[in-house]
Amino acid sequence: MSSAVALRSDGRYQALVAGSAVALTGTALGLLFAEGAGILLRGGYLPERSLVAAVSAGLATAVGFTLTAVGYLFWADRGPAYLGLTRPTLREVGLIIGLTVTMIVLQLVAGLFVPGPESDVLTLLGGDQWLVFMLFAVFLINPAEELLFRGIVQSRFEESLGSVAAVLLAALFFAGAHVPTYVDPSPLETLGLFSIQTAFGVVIGAGYAVTGKLIVPIGIHALYSVYLYGLLFLGVG
């Protein structure tokens, strides 16, 4: 094996290990902090089926994701430019809308065939609380997820593995992070949930890969959340 090939192989291995480690660390921290919120809930410190409980659980996970992402940026000595923190062009806004519509179509088609378990967070809410929680999701929780899984994990994979592999690998970790947040899913529900979340991750990741701007996956995720929580508020979901 030539030295050039060996260096490329080492680079791919390092990217795979680093990206995977960041994804797993962020997921573990998110689950740990969410479990802390759950302990407060079960201990009676937070009222059951309340907006406070739901927001606490969601934000706890977001804190874990954000701390991991920021920690990696400091450890790797990378600045904000690594994330692509620039405003979208009009064409990129159109891409955000188009990929959001793609996710909605995927969700509608998947709903015909795949059983869906209840989310731990969503079981805590009802009535107009959906709209309030939506604001937290759009402006805090969704950006934290995209910061970790697209801004850090996908970017790290892409450095040595290429865009296609990076999008798929980041989507798999993104999906894996969502499975534990659902209430006692059956094996079939787990498989269905993992599959659809992976598909969502691929769509969102494709937007980031094409533009290199973090606002694009954040925008897609946020618009999809508006659609989802809007349905739940209307009693359609």
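Read on for an overview of the structure. (Residues numbered from 1 in each chain as written. Predicted model: local features only at pLDDT ≥ 70, side-chain atom pairs only at ≥ 80, totals over all residues. Heavy atoms only, no water.)

1. Thoughts on the overall build of the protein
Inference 1: Assigned secondary structure in the protein consists of seven helices and zero strands.
Inference 2: In the protein, the succession of helices and strands from N to C terminus is α-α-α-α-α-α-α.
Inference 3: Looking at the protein as a whole, 45% of its 237 residues are labelled buried.
Inference 4: Across the protein, contacts joining residues at least 24 apart in sequence account for 80% of those joining residues at least 6 apart.
Inference 5: Accessible surface, the protein as shown: approximately 11,900 Å² in total, 70% of it carbon and sulfur. (Helix = DSSP H or I, 4+ residues; strand = E, 2+ residues; numbered from the N terminus. Buried < 20%, exposed > 50% of the residue type's maximum accessible area, 1.4 Å probe, protein only. Contact = heavy atoms within 4.5 Å. Areas by Shrake-Rupley, 256 points an atom, 1.4 Å probe, with all protein chains shown as cover.)

2. Focus: the environment of Gly58
Inference 1: On the secondary structure map, Gly58 appears in helix α2 (residues 51–75).
Inference 2: Given the relative accessible area of 7%, Gly58 is considered buried.
Inference 3: Taking the C-alpha atoms as reference points, Gly58 and Phe33, separated by 25 residues in sequence, lie 9.5 Å from one another.

3. With respect to the side chain of Arg156
Inference 1: Within the secondary structure, Arg156 sits in helix α4 (residues 129–161).
Inference 2: Of the polar contacts made by the side chain of Arg156, one reaches the side chain of Tyr72; its length is 3.3 Å.
Inference 3: When neighbours within four sequence positions are excluded, Arg156 is seen to be in contact with Gln14, Ala15, Ala18, Gly19, Tyr72, Arg78 and Tyr82. (Polar contact = N/O pair within 3.5 Å; in protein donor to acceptor, adjacent residues only side chain to side chain.)

4. Re the pattern of salt bridges
Inference 1: This structure, assessed with the given rule, holds four salt bridges.
Inference 2: With a shortest N-O distance of 2.7 Å, Arg150 and Glu146 are connected by a salt bridge. Of the two residues, Arg150 and Glu146 are both situated in helix α4; the distance of four residues between them amounts to about one turn of the helix.
Inference 3: Where Arg156 meets Glu159, a salt bridge forms, and the shortest distance between an N and an O atom there is 3.0 Å. Here Arg156 pairs with Glu159, and both are found in helix α4, just three residues apart, close to one helical turn.
Inference 4: For Arg156, a relative accessible area of 12% puts it in the buried group.
Inference 5: With relative accessibility at 38%, the residue Glu159 sits in the partly exposed group.
Inference 6: Where salt bridges share partners, they join Arg78, Arg156 and Glu159 into one cluster. (Salt bridge = Lys/Arg side-chain N within 4 Å of Asp/Glu carboxyl O.)

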